[in-house]
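# Observations on the model geometry
The residues making up each chain are set out below.
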Amino acid sequence: EEITIATLCSHTALQIFHGAKKEGFKTLGLAVNQNTKFYDAFPLAKPDEILRFNSYDEFITKSKELTDRNVIIIPHGSFVEYMGTKRFEQMEVPTFGSRQVLKWEESRDSQREWLESAGISMPKRIADAKDISEPVLVKYNGAKGGRGFFIAKDFMEFKMGIDLSEESYTIQEYVLGTRYYLHYFYSPIKQSGYRVGNGSLELMSMDRRDESNIDELYKLGSTEELKKHGMFPSLVVTGNIPVVIRESLLAKVFEMGESVINRSYELFGGLIGPFCLESIVTDHLDFKVFEISCRIVAGTNPFTSGSSYSDMTEPGMSTGRRIAREIKDAIAAGKLSEVVS
Ligand code: ATP
(Lines give C-alpha, C1' and ligand atoms only; values in the text may rest on other atoms or scores of the structure.)
Protein backbone atom coordinates (compact mmCIF):
# COMPACT_ATOMS: atom_id res chain seq x y z
CA GLU A 1 0.00 0.00 0.00
CA GLU A 2 1.15 3.50 -0.79
CA ILE A 3 3.14 5.25 1.94
CA THR A 4 2.77 8.91 2.82
CA ILE A 5 5.69 10.86 4.23
CA ALA A 6 4.69 13.26 6.98
CA THR A 7 6.42 15.73 9.22
CA LEU A 8 5.73 18.73 11.39
CA CYS A 9 5.63 21.95 9.34
CA SER A 10 8.77 23.53 10.81
CA HIS A 11 12.59 23.20 10.91
CA THR A 12 13.51 21.12 7.80
CA ALA A 13 9.98 20.31 6.64
CA LEU A 14 10.27 22.06 3.27
CA GLN A 15 13.43 20.09 2.48
CA ILE A 16 11.85 16.81 3.67
CA PHE A 17 8.71 17.31 1.54
CA HIS A 18 10.75 18.47 -1.44
CA GLY A 19 12.90 15.34 -1.24
CA ALA A 20 9.95 13.02 -0.66
CA LYS A 21 8.15 14.41 -3.69
CA LYS A 22 11.25 13.91 -5.82
CA GLU A 23 11.27 10.28 -4.74
CA GLY A 24 7.62 9.94 -5.70
CA PHE A 25 5.97 9.84 -2.26
CA LYS A 26 2.71 11.42 -1.18
CA THR A 27 3.36 14.08 1.46
CA LEU A 28 1.42 15.24 4.48
CA GLY A 29 2.17 18.30 6.58
CA LEU A 30 1.31 18.25 10.29
CA ALA A 31 0.64 21.60 11.89
CA VAL A 32 0.06 22.56 15.51
CA ASN A 33 -0.41 26.33 15.41
CA GLN A 34 2.30 26.64 12.74
CA ASN A 35 1.69 29.34 10.17
CA THR A 36 2.02 27.52 6.87
CA LYS A 37 0.86 30.15 4.38
CA PHE A 38 4.43 30.65 3.13
CA TYR A 39 4.49 27.02 2.00
CA ASP A 40 2.27 28.19 -0.90
CA ALA A 41 5.31 30.07 -2.21
CA PHE A 42 7.25 26.82 -2.69
CA PRO A 43 5.12 24.58 -4.93
CA LEU A 44 7.87 21.95 -5.35
CA ALA A 45 8.03 21.51 -1.57
CA LYS A 46 4.48 22.23 -0.42
CA PRO A 47 2.98 19.02 1.01
CA ASP A 48 -0.01 17.50 -0.83
CA GLU A 49 -2.12 18.10 2.25
CA ILE A 50 -1.84 19.76 5.65
CA LEU A 51 -3.51 18.25 8.70
CA ARG A 52 -4.09 20.61 11.62
CA PHE A 53 -3.98 19.62 15.27
CA ASN A 54 -4.79 21.61 18.38
CA SER A 55 -2.02 20.18 20.53
CA TYR A 56 0.90 17.80 20.47
CA ASP A 57 -1.15 15.37 22.58
CA GLU A 58 -3.25 14.72 19.53
CA PHE A 59 -0.35 12.89 17.88
CA ILE A 60 -1.02 10.33 20.62
CA THR A 61 -4.81 10.48 20.91
CA LYS A 62 -5.46 10.73 17.17
CA SER A 63 -2.66 8.45 16.07
CA LYS A 64 -5.14 6.08 14.40
CA GLU A 65 -5.94 8.65 11.77
CA LEU A 66 -2.25 8.83 10.85
CA THR A 67 -1.69 5.08 10.98
CA ASP A 68 -4.75 4.53 8.77
CA ARG A 69 -3.23 6.84 6.19
CA ASN A 70 -0.12 4.65 6.11
CA VAL A 71 2.08 7.48 7.28
CA ILE A 72 5.79 7.40 8.11
CA ILE A 73 6.77 10.38 10.23
CA ILE A 74 10.16 11.97 9.65
CA PRO A 75 11.35 13.38 12.97
CA HIS A 76 13.36 16.59 13.05
CA GLY A 77 14.80 18.64 15.91
CA SER A 78 11.74 20.82 16.48
CA PHE A 79 9.35 17.87 16.22
CA VAL A 80 11.09 16.00 19.04
CA GLU A 81 11.58 19.14 21.11
CA TYR A 82 7.93 20.28 20.91
CA MET A 83 6.57 16.78 21.44
CA GLY A 84 8.97 16.00 24.29
CA THR A 85 11.02 12.80 24.34
CA LYS A 86 8.44 10.89 26.43
CA ARG A 87 5.48 11.55 24.13
CA PHE A 88 7.61 11.02 21.08
CA GLU A 89 8.64 7.58 22.33
CA GLN A 90 4.99 6.69 22.99
CA MET A 91 3.64 7.76 19.60
CA GLU A 92 2.20 4.76 17.79
CA VAL A 93 2.78 6.13 14.29
CA PRO A 94 5.85 4.64 12.55
CA THR A 95 8.78 7.06 12.52
CA PHE A 96 11.94 7.03 10.45
CA GLY A 97 15.06 6.01 12.40
CA SER A 98 15.60 4.46 15.80
CA ARG A 99 13.79 5.68 18.90
CA GLN A 100 16.29 3.96 21.17
CA VAL A 101 18.66 6.79 20.44
CA LEU A 102 16.49 9.32 22.28
CA LYS A 103 17.61 8.06 25.68
CA TRP A 104 21.25 8.50 24.72
CA GLU A 105 20.75 11.87 23.13
CA GLU A 106 18.57 13.28 25.89
CA SER A 107 21.18 14.56 28.32
CA ARG A 108 24.65 16.02 27.95
CA ASP A 109 25.93 13.28 30.31
CA SER A 110 24.69 10.34 28.26
CA GLN A 111 25.86 11.96 25.03
CA ARG A 112 29.29 12.31 26.57
CA GLU A 113 29.30 8.69 27.72
CA TRP A 114 28.44 7.52 24.19
CA LEU A 115 30.83 9.80 22.30
CA GLU A 116 33.83 9.53 24.60
CA SER A 117 33.51 5.75 24.74
CA ALA A 118 33.58 5.88 20.93
CA GLY A 119 36.93 7.65 21.15
CA ILE A 120 35.59 11.09 20.24
CA SER A 121 37.33 14.02 21.89
CA MET A 122 34.99 16.50 23.61
CA PRO A 123 35.47 19.84 25.40
CA LYS A 124 36.62 19.25 28.99
CA ARG A 125 34.00 19.61 31.68
CA ILE A 126 34.64 21.69 34.79
CA ALA A 127 32.81 20.30 37.79
CA ASP A 128 33.36 23.20 40.18
CA ALA A 129 33.13 26.81 39.07
CA LYS A 130 35.92 27.68 41.52
CA ASP A 131 38.27 25.72 39.28
CA ILE A 132 37.72 27.93 36.23
CA SER A 133 41.20 28.89 35.07
CA GLU A 134 40.65 29.31 31.34
CA PRO A 135 37.71 30.49 29.19
CA VAL A 136 34.60 28.36 29.70
CA LEU A 137 31.12 28.25 28.27
CA VAL A 138 28.31 27.94 30.79
CA LYS A 139 25.34 26.05 29.32
CA TYR A 140 21.95 25.90 30.98
CA ASN A 141 20.55 22.41 30.51
CA GLY A 142 17.02 23.39 29.59
CA ALA A 143 18.01 26.21 27.25
CA LYS A 144 17.70 25.46 23.57
CA GLY A 145 19.55 27.11 20.78
CA GLY A 146 22.20 28.57 23.05
CA ARG A 147 19.93 31.13 24.73
CA GLY A 148 21.39 32.40 27.98
CA PHE A 149 24.76 30.67 27.51
CA PHE A 150 27.67 32.80 28.61
CA ILE A 151 31.44 32.84 28.53
CA ALA A 152 33.51 33.27 31.70
CA LYS A 153 37.27 33.42 32.05
CA ASP A 154 37.47 33.06 35.82
CA PHE A 155 35.32 32.45 38.90
CA MET A 156 34.54 36.18 39.24
CA GLU A 157 33.06 36.33 35.76
CA PHE A 158 31.14 33.14 36.43
CA LYS A 159 29.56 34.67 39.55
CA MET A 160 28.68 37.81 37.60
CA GLY A 161 27.10 35.88 34.77
CA ILE A 162 25.29 33.00 36.47
CA ASP A 163 21.53 33.15 36.69
CA LEU A 164 20.69 31.20 39.84
CA SER A 165 17.01 31.09 39.00
CA GLU A 166 17.86 28.79 36.09
CA GLU A 167 17.88 25.08 36.76
CA SER A 168 20.98 23.01 36.19
CA TYR A 169 23.92 24.04 34.05
CA THR A 170 27.19 22.58 32.86
CA ILE A 171 30.53 24.32 32.61
CA GLN A 172 32.64 23.39 29.66
CA GLU A 173 36.03 24.38 28.31
CA TYR A 174 35.54 27.08 25.66
CA VAL A 175 37.18 25.60 22.56
CA LEU A 176 38.75 28.25 20.39
CA GLY A 177 38.61 27.26 16.75
CA THR A 178 36.40 27.02 13.68
CA ARG A 179 33.04 25.31 13.81
CA TYR A 180 31.95 22.53 11.46
CA TYR A 181 28.55 20.91 11.80
CA LEU A 182 29.07 17.60 10.01
CA HIS A 183 25.97 16.09 8.42
CA TYR A 184 26.18 12.33 8.02
CA PHE A 185 23.76 9.67 6.85
CA TYR A 186 24.05 6.05 7.94
CA SER A 187 22.20 3.41 5.97
CA PRO A 188 22.03 -0.03 7.58
CA ILE A 189 20.95 -1.55 4.25
CA LYS A 190 23.21 0.04 1.62
CA GLN A 191 25.90 -2.39 0.48
CA SER A 192 28.34 -0.05 -1.29
CA GLY A 193 30.39 3.07 -0.62
CA TYR A 194 32.13 3.68 2.75
CA ARG A 195 31.20 0.49 4.56
CA VAL A 196 30.47 0.56 8.29
CA GLY A 197 29.06 -2.53 10.00
CA ASN A 198 26.48 -4.08 7.68
CA GLY A 199 25.73 -0.77 6.03
CA SER A 200 27.25 2.38 4.62
CA LEU A 201 28.16 5.86 5.83
CA GLU A 202 27.68 8.98 3.69
CA LEU A 203 28.76 12.56 4.22
CA MET A 204 25.89 14.77 3.06
CA SER A 205 27.08 18.31 3.77
CA MET A 206 28.45 20.72 6.38
CA ASP A 207 27.35 24.06 7.73
CA ARG A 208 28.22 26.62 10.31
CA ARG A 209 25.54 28.38 12.27
CA ASP A 210 24.82 32.06 12.24
CA GLU A 211 24.53 33.03 15.89
CA SER A 212 23.11 36.29 17.17
CA ASN A 213 24.50 38.42 18.57
CA ILE A 214 27.99 36.94 19.06
CA ASP A 215 28.78 36.87 15.34
CA GLU A 216 28.32 40.62 14.99
CA LEU A 217 29.22 41.92 18.43
CA TYR A 218 32.81 42.76 17.52
CA LYS A 219 31.54 45.58 15.31
CA LEU A 220 30.66 47.57 18.42
CA GLY A 221 34.03 47.14 20.12
CA SER A 222 35.76 44.65 22.39
CA THR A 223 33.52 42.29 24.34
CA GLU A 224 35.22 43.37 27.57
CA GLU A 225 34.41 47.01 26.89
CA LEU A 226 30.82 46.19 25.96
CA LYS A 227 30.22 44.31 29.22
CA LYS A 228 30.62 47.62 31.05
CA HIS A 229 27.63 48.83 29.07
CA GLY A 230 25.63 45.76 30.01
CA MET A 231 25.98 44.12 26.59
CA PHE A 232 26.80 40.41 26.64
CA PRO A 233 27.37 37.93 23.82
CA SER A 234 24.54 35.49 23.10
CA LEU A 235 24.49 32.38 20.90
CA VAL A 236 20.97 32.31 19.48
CA VAL A 237 20.83 30.45 16.17
CA THR A 238 19.28 32.50 13.38
CA GLY A 239 20.45 30.70 10.23
CA ASN A 240 23.04 28.50 8.57
CA ILE A 241 26.00 28.99 6.24
CA PRO A 242 27.35 26.27 3.92
CA VAL A 243 31.00 25.31 4.47
CA VAL A 244 33.52 22.74 3.27
CA ILE A 245 36.46 21.42 5.22
CA ARG A 246 40.14 20.92 4.25
CA GLU A 247 40.21 17.70 2.27
CA SER A 248 42.91 16.21 4.51
CA LEU A 249 40.50 16.45 7.45
CA LEU A 250 37.91 14.26 5.72
CA ALA A 251 39.70 11.07 6.82
CA LYS A 252 39.09 12.06 10.44
CA VAL A 253 35.52 13.15 9.67
CA PHE A 254 34.73 9.65 8.40
CA GLU A 255 36.59 7.92 11.22
CA MET A 256 34.54 9.87 13.78
CA GLY A 257 31.26 9.03 12.05
CA GLU A 258 32.27 5.41 11.83
CA SER A 259 33.14 5.02 15.50
CA VAL A 260 29.94 6.80 16.59
CA ILE A 261 27.90 4.34 14.52
CA ASN A 262 29.83 1.29 15.72
CA ARG A 263 29.44 2.34 19.34
CA SER A 264 25.71 3.00 18.82
CA TYR A 265 25.27 -0.64 17.80
CA GLU A 266 27.09 -1.79 20.92
CA LEU A 267 25.06 0.49 23.18
CA PHE A 268 21.52 0.41 21.81
CA GLY A 269 21.10 -1.41 18.53
CA GLY A 270 22.23 1.35 16.24
CA LEU A 271 21.70 4.88 15.01
CA ILE A 272 19.92 4.99 11.65
CA GLY A 273 19.69 7.71 9.04
CA PRO A 274 20.88 11.31 9.39
CA PHE A 275 22.96 12.57 12.30
CA CYS A 276 25.23 15.52 12.96
CA LEU A 277 28.45 15.93 14.91
CA GLU A 278 28.82 19.53 16.02
CA SER A 279 32.54 20.14 16.11
CA ILE A 280 35.23 22.74 16.55
CA VAL A 281 38.60 22.38 14.81
CA THR A 282 41.50 23.91 16.72
CA ASP A 283 44.65 25.41 15.21
CA HIS A 284 46.33 22.07 15.92
CA LEU A 285 43.72 20.60 13.53
CA ASP A 286 42.14 18.61 16.35
CA PHE A 287 38.38 18.03 16.40
CA LYS A 288 36.43 18.67 19.58
CA VAL A 289 32.82 17.52 19.36
CA PHE A 290 30.46 19.37 21.68
CA GLU A 291 27.18 17.74 20.69
CA ILE A 292 25.54 15.03 18.60
CA SER A 293 22.17 15.43 16.97
CA CYS A 294 20.57 12.16 15.93
CA ARG A 295 18.24 13.24 13.14
CA ILE A 296 18.09 15.72 10.29
CA VAL A 297 19.49 19.10 11.40
CA ALA A 298 18.51 22.54 10.15
CA GLY A 299 22.06 23.01 8.90
CA THR A 300 21.17 20.77 5.95
CA ASN A 301 18.73 23.38 4.65
CA PRO A 302 21.22 25.21 2.39
CA PHE A 303 21.50 21.97 0.40
CA THR A 304 18.02 21.24 -1.01
CA SER A 305 19.64 20.55 -4.37
CA GLY A 306 22.79 18.80 -3.17
CA SER A 307 26.15 19.81 -1.75
CA SER A 308 29.84 19.67 -2.65
CA TYR A 309 29.89 16.27 -0.94
CA SER A 310 26.56 14.62 -1.73
CA ASP A 311 26.97 15.59 -5.40
CA MET A 312 29.89 13.16 -5.57
CA THR A 313 27.61 10.35 -4.41
CA GLU A 314 24.52 11.32 -6.40
CA PRO A 315 23.96 14.76 -7.89
CA GLY A 316 21.16 16.77 -6.36
CA MET A 317 20.81 14.64 -3.21
CA SER A 318 19.66 16.51 -0.11
CA THR A 319 19.38 14.91 3.32
CA GLY A 320 15.59 15.20 3.10
CA ARG A 321 15.58 13.38 -0.20
CA ARG A 322 18.10 10.82 1.08
CA ILE A 323 15.65 9.86 3.85
CA ALA A 324 12.89 9.30 1.28
CA ARG A 325 15.30 7.29 -0.87
CA GLU A 326 16.20 5.11 2.12
CA ILE A 327 12.53 4.37 2.76
CA LYS A 328 12.05 3.55 -0.92
CA ASP A 329 15.10 1.26 -1.02
CA ALA A 330 14.07 -0.43 2.22
CA ILE A 331 10.58 -1.13 0.87
CA ALA A 332 12.06 -2.57 -2.33
CA ALA A 333 14.36 -4.83 -0.31
CA GLY A 334 11.61 -5.87 2.11
CA LYS A 335 13.58 -4.25 4.94
CA LEU A 336 11.34 -1.37 5.99
CA SER A 337 11.35 -2.59 9.61
CA GLU A 338 15.13 -2.01 9.70
CA VAL A 339 14.78 1.72 9.12
CA VAL A 340 11.55 2.66 10.91
CA SER A 341 10.50 2.30 14.54
P1 ATP B 1 21.21 22.80 20.05
O2 ATP B 1 20.63 21.75 20.91
O3 ATP B 1 20.25 23.70 19.37
O4 ATP B 1 22.31 22.29 19.13
P5 ATP B 1 22.31 23.80 22.50
O6 ATP B 1 21.45 24.75 23.18
O7 ATP B 1 22.42 22.42 23.03
O8 ATP B 1 22.00 23.83 20.97
P9 ATP B 1 25.09 23.86 21.91
O10 ATP B 1 24.87 23.35 20.54
O11 ATP B 1 25.72 22.97 22.91
O12 ATP B 1 23.75 24.43 22.49
O13 ATP B 1 25.92 25.22 21.85
C14 ATP B 1 25.43 26.39 21.23
C15 ATP B 1 26.56 27.12 20.52
O16 ATP B 1 27.60 27.44 21.43
C17 ATP B 1 27.24 26.28 19.45
O18 ATP B 1 26.59 26.38 18.21
C19 ATP B 1 28.65 26.86 19.41
O20 ATP B 1 28.71 28.04 18.63
C21 ATP B 1 28.88 27.26 20.83
N22 ATP B 1 29.60 26.25 21.61
C23 ATP B 1 29.08 25.17 22.22
N24 ATP B 1 29.99 24.50 22.94
C25 ATP B 1 31.14 25.18 22.80
C26 ATP B 1 32.47 25.02 23.34
N27 ATP B 1 32.76 24.02 24.16
N28 ATP B 1 33.40 25.93 22.99
C29 ATP B 1 33.10 26.96 22.18
N30 ATP B 1 31.88 27.18 21.67
C31 ATP B 1 30.90 26.31 21.96
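Above this text is the structure in question.
Only a predicted model underlies this, so the values are computations on that prediction, with no experimental measurement involved. (Residues numbered from 1 in each chain as written. Predicted model: local features only at pLDDT ≥ 70, side-chain atom pairs only at ≥ 80, totals over all residues. Heavy atoms only, no water.)

### Comments concerning the overall build of the chain
Assigned secondary structure in the chain consists of 11 helices and 14 strands. Here the C-alpha radius of gyration of the chain, 21 Å, is about what a compact globule of 341 residues would show, namely 20 Å. Overall, the C-alpha framework of the chain stretches about 65 × 45 × 35 Å when taken along its three principal axes. Counting only residues that meet the buried cut, the chain has 51% of its 341 residues in that class. (Helix = DSSP H or I, 4+ residues; strand = E, 2+ residues; numbered from the N terminus. Rg over C-alpha atoms; globule rule 2.2 N^0.38 Å. Buried < 20%, exposed > 50% of the residue type's maximum accessible area, 1.4 Å probe, protein only.)

### Considering the sheet that holds strand 6 (residues 136–140)
Strand order in the open sheet formed by four strands is 5-8-6-7, and the pairing between neighbours is antiparallel. Taken across any chain shown, the strands that pair with only one partner, and hence form the sheet edges, are strand 5 (125–126) and strand 7 (150–152). Of the strand pairs in this sheet, strand 5 and strand 8 (residues 169–173) are connected by two bridges, and their pairing is antiparallel. Note that in strand 8 the partner of isoleucine 126 across the bridge is isoleucine 171. (Pairing = 2+ DSSP bridges.)

### Things to note about the packing of aromatic side chains
Applying the stated criterion across every chain yields a total of 16 aromatic pairs. Seen from their ring centres, phenylalanine 53 and phenylalanine 59 are 4.7 Å apart, and the 50 degrees between their planes marks the pair as tilted. Accessibility expressed as a relative area gives 0% for phenylalanine 59, which makes it buried. Each ring, one from phenylalanine 96 and one from phenylalanine 185, has its centre 6.5 Å from the other, and the planes form 25 degrees; the classification is stacked. Residue phenylalanine 96 is found in the loop between helix 5 (85–90) and helix 6 (101–105), and its partner phenylalanine 185 is found in strand 9 (residues 178–187); the two are separated by 89 residues along the sequence. Neither phenylalanine 96 nor phenylalanine 185 differs from the other in exposure class; each is buried. The side chain of arginine 99 reaches across the aromatic face of phenylalanine 88, ending 5.7 Å from its centre. (Phe/Tyr/Trp six-rings, centres within 6.5 Å; stacked < 30°, edge-to-face > 60°. Lys NZ or Arg CZ within 6 Å of the ring centre and 35° of its normal.)

### Re the side chain of serine 279
The topology assignment puts serine 279 in strand 13 (residues 273–281). Using a relative accessible area of 0% as the deciding quantity, one classes serine 279 as buried. Here tyrosine 180 takes part through its backbone oxygen, which lies 2.9 Å from a polar atom of the side chain of serine 279. Non-local contacts of serine 279, meaning those with residues more than four positions away in its chain, are made with Thr178, Arg179, Tyr180, Leu182, Phe287, Lys288, Val289 and Phe290. (Polar contact = N/O pair within 3.5 Å; in protein donor to acceptor, adjacent residues only side chain to side chain. Contact = heavy atoms within 4.5 Å.)

### A word on the nonpolar core
Across soluble globular proteins, nonpolar side chains show a tendency to be buried alongside one another. Residues Ile245, Phe275 and Leu277 are the most contacted members of the largest nonpolar core, which totals 34 residues. Of all the secondary-structure elements, those providing two or more residues to this core are helix 6, helix 7 (108–117), strand 9, strand 11 (199–213), helix 10 (250–268), strand 13 and strand 14 (287–293). No other element matches helix 10, which puts seven residues into this core. Among residues more than four places away in sequence, those in contact with isoleucine 245 are Tyr180, Met206, Leu250, Val253, Val281, Phe287 and Tyr309. Counting residues in hydrophobic clusters, the runner-up holds 20 residues, among them Ile16, Phe25, Ile74 and Ile327. (Core = buried A, V, L, I, M, F, W, Y, C linked by side-chain atoms within 4.5 Å.)

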